[in-house]
Amino acid sequence: MPESDLSLLIDAARRAGDTARACLSEPLDVRYKDAGAGPVTRADLAVNTLLHRVLGSARPDYGWLSEESPDTAARLGAKRVFIVDPIDGTRSFIDGEKTWAHSIAVAEQGRIRAAVVYLPLLDRLYAAAEGAGARLNGAPIAVTRRASAEGGTILAKKPTFETGNWPGGVPGMTRAHRPSLAYRLSLVAEGRYDAMLTLRPTWEWDIAAGALILSEAGAQVTDRRGAPLRFNNAHPQTDGVLAANATLHGDLLDRLI
């Protein structure tokens with residue numbers, strides 16, 4: 001089932017890319033959500049509509065959780081659930097940058113079984129099915145083997161490295177950032193960075209796909225305190241995310257808690 005779902009997600013992601021690219025030549029109709037939840041554009045909604053139609057028609061018994069759809073309790077009773085961020089990195093999309101992504105995953109009993117993160121303007125398609133490894137544009141990918149945080153690279157926002165967040169000492173790592181959480185996770189999965197960390201409560205749709213891609217690439221992926229990630233929660237947030245190979249993950253976790 002994960003492999004057949006993955007084929008569906010790959011096709012849907014490419015169709016989403018076509019829809020999003022088409023929106024770039026027209027007014028974006030930017031609006032801002034309540035409670036500081038960020039911007040939404042006509043493209044976010046168009047991609048959401050497309051994915052809901054394509055995925056829902058193929059798997060009508062699956063539940064649905066998306067950043068751009070009203071949430072309902074119906075998904076909690078579904079055996080499998082689509083978890084979707086139509087455009088992760090909407091601000092990048094608005095600014096004319098290329099590092100925004102479609103993030104699409106299938107969860108079953110709290111675990112992600114199939115996942116795709118697709119960056120249409122960079123033609124980078126990250127994909128994974130549980131137990132089948134992770135790939136970028138069809139080629140296998142793996143996380144780095146760095147054992148110690150010192151001298152490593154990490155994707156994280158600047159406030160993450162404030163001294164108060166690190167009771168065990170701030171690691172001597174080179175920090176970088178990308179607006180899209182899905183892309184950050186995927187970059188670690190392909191070994192371009194050693195680790196990824198966010199300390200803030202994190203919406204499931206931002207990380208569901210990237211979490212499986214990372215774990216299938218050899219990473220340990222947990223919340224900020226080392227607890228396993230579970231998905232399709234009644235309140236669809238996790239307590240941050242920490243991801244790296246198991247040894248480096250342990251080094252970072254020891255400094256955080």
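The following paragraphs examine the structure supplied in this document. (Residues numbered from 1 in each chain as written. Predicted model: local features only at pLDDT ≥ 70, side-chain atom pairs only at ≥ 80, totals over all residues. Heavy atoms only, no water.)

Let's shift gears to the pairing of strand S7 (residues 124-129). Judged by how many residues are buried, S7 sits mostly within the fold: six of six residues are covered. Side chains Arg-124, Tyr-126 and Ala-128 project from S7 onto one buried face, and the interleaved Leu-125, Ala-127 and Ala-129 project onto a second face that is buried too. Alignment of strand S6 (residues 111-119) against S7, held across six bridges, turns out to be antiparallel. Directly across from Ala-114, in S7, lies its bridge partner Ala-129. Count of turn residues in the S6/S7 antiparallel hairpin: four residues, of which Asp-123 carries a positive phi of about 50 degrees. As defined by bridge partners, S7 adjoins strand S8 (residues 134-136) across three bridges and the pair is classed as antiparallel. In the strand pairing of S8, Tyr-126 is matched with Leu-136. Count of turn residues in the S7/S8 antiparallel hairpin: four residues, of which Gly-131 carries a positive phi of about 85 degrees. (Buried < 20%, exposed > 50% of the residue type's maximum accessible area, 1.4 Å probe, protein only. Helix = DSSP H or I, 4+ residues; strand = E, 2+ residues; numbered from the N terminus. Pairing = 2+ DSSP bridges.)

All chains considered together, the criterion is met by 18 salt bridges. A salt bridge links Asp-71 to Arg-75; the shortest N-O distance between them is 2.7 Å. Residue Arg-80 is joined to Glu-108 by a salt bridge in which the shortest nitrogen-to-oxygen separation is 3.3 Å. Of this pair, Arg-80 sits in strand S4 (residues 80-88) while Glu-108 is found in strand S5 (residues 101-108), placing the two residues 28 residues apart along the sequence. Each member of the pair, Arg-80 together with Glu-108, is buried. A network of salt bridges, in which partner residues are shared, links Arg-80, Glu-108, Arg-111, Arg-113 and Glu-130. (Salt bridge = Lys/Arg side-chain N within 4 Å of Asp/Glu carboxyl O.)

Turning next to the packing of helix H4 (residues 181-189) against helix H5 (residues 204-216). Interhelical geometry of H4 versus H5 gives an angle of 5 degrees and a closest axis separation of 8 Å. Of the possible angle classes, the one that applies to H4 and H5 is roughly parallel. Residues Leu-181, Ala-182, Leu-185, Ser-186, Val-188 and Ala-189 of H4 lie in contact with H5, whose contacting residues are Asp-206, Ile-207, Gly-210, Ala-211, Ile-213 and Leu-214. (Axes fitted to C-alpha atoms, helices over the stretch in contact; angles between N-to-C directions. Parallel < 35°, antiparallel > 145°, perpendicular 65-115°, else oblique. Contact = heavy atoms within 4.5 Å.)

Before going further, it helps to spend a moment on the sheet that holds strand S11 (residues 174-176). Pairing is mixed in the open sheet, where five strands are placed in the order S11-S10-S12-S16-S14. In this open sheet, the two edge strands, each paired with only one partner strand, are S11 and strand S14 (220-222). Direction aside, the axes of adjacent strands within the sheet are offset by 20 degrees on average. Two elements, S14 and strand S16 (residues 241-244), share three bridges in a ladder whose sense is antiparallel. For Val-221, the partnering residue across the bridge sits in S16 and is Ala-243. Most of the contacts of helix H6 (residues 246-256) go to S16, to which it runs at about 145 degrees, and overall it touches strand S12 (195-198), S14 and S16.

Moving on, we come to the sheet that holds S7. Read across the open sheet, the seven strands follow the order S3-S4-S5-S6-S7-S8-S9; overall the sheet is mixed. Each edge of the open sheet is held by one strand with a lone partner, namely strand S3 (63-66) and strand S9 (139-140). Here S5 runs beside S6; their pairing, made up of seven bridges, is antiparallel. Bridging across to S6, Ser-103 finds its partner in Val-117. Contacts between helix H1 (residues 2-23) and the sheet are confined to S4, S5, S6 and S7, with S6 contributing the most and set at about 30 degrees to the helix. Along the sheet, helix H2 (residues 42-58) makes contact with S3, S4 and S5, crossing S4 at roughly 155 degrees.

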